[in-house]
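# Observations on the model geometry
Residue strings, one per chain:
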Amino acid sequence: MLKAKSKLQTFFIPDDRWFTLAPYIHYPSHYTEAEAERFTTVIAHESQHIKQQSATNKWWWLLKYFVVPSFRLSQEAEGIACELNALPESARAQVTSAYCKDLSSSAYTWAAWTEDDALEAIHEAEIRLFKKTF
Ligand SMILES: [Zn+2]
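Read on for a plain summary of the structure. (Residues numbered from 1 in each chain as written. Predicted model: local features only at pLDDT ≥ 70, side-chain atom pairs only at ≥ 80, totals over all residues.)

When helices and strands are counted, the protein shows 7 helices and 3 strands. Start at the N end of the protein and walk to the C end: the helices and strands fall as β-α-β-β-α-α-α-α-α-α. The C-alpha atoms of the protein give a radius of gyration of 14 Å, which matches the 14 Å a tight globule of 134 residues would have. Expressed as lengths along the three principal axes of its C-alpha atoms, the size of the protein is roughly 40 × 35 × 25 Å. Across the 134 residues of the protein, 26% fall into the buried class. (Helix = DSSP H or I, 4+ residues; strand = E, 2+ residues; numbered from the N terminus. Rg over C-alpha atoms; globule rule 2.2 N^0.38 Å. Buried ≥ 20, exposed ≤ 12 C-beta atoms within 10 Å, placed from the backbone.)

Rendered as structure tokens:
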């Protein structure tokens, strides 16, 4: 389910970032719902976070996500794998590369030590979720 980010959420999370807390995917507040619905690859990514949160206590998931970098990396790698799966093959390398940079930077509070670690986690998630081979 899509929902615009609230004022409180935009205070804590930069407004250009999407944020998921099951059962809602919160999109940047400057979009209308119809505009947000067009971001199908982002929705594929965020829908995986809903699955992850629904498989456990979502508050526990959220706490662990913020506190444990390796957990944050594994959860993001799955979201990214879903996003890549929804993208045309020609766009995947560029998006993967951008995510590897982000995951090993302040953008994801250093979920991965290096871009190579991030790439390995994404590939593992693609194998786990989509039986992809490399
Ligand atoms: Zn994510």
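Let us keep going from here.
Let's shift gears to the sheet that holds strand S1 (residues 2-4). With respect to topology, 3 strands assemble into an open sheet ordered S1-S3-S2, the strand pairing being mixed. Edge positions in the sheet fall to S1 and strand S2 (19-21), since each has one partner strand and no second. Adjacent strand axes in the sheet meet at a mean angle of 30° when their direction is disregarded. Here S2 runs beside strand S3 (residues 24-27); their pairing, made up of 3 bridges, is antiparallel. Within S3, the position partnered with Leu 21 by the bridge is Tyr 24. (Pairing = 2+ DSSP bridges. Axes fitted to C-alpha atoms, helices over the stretch in contact; angles between N-to-C directions.)

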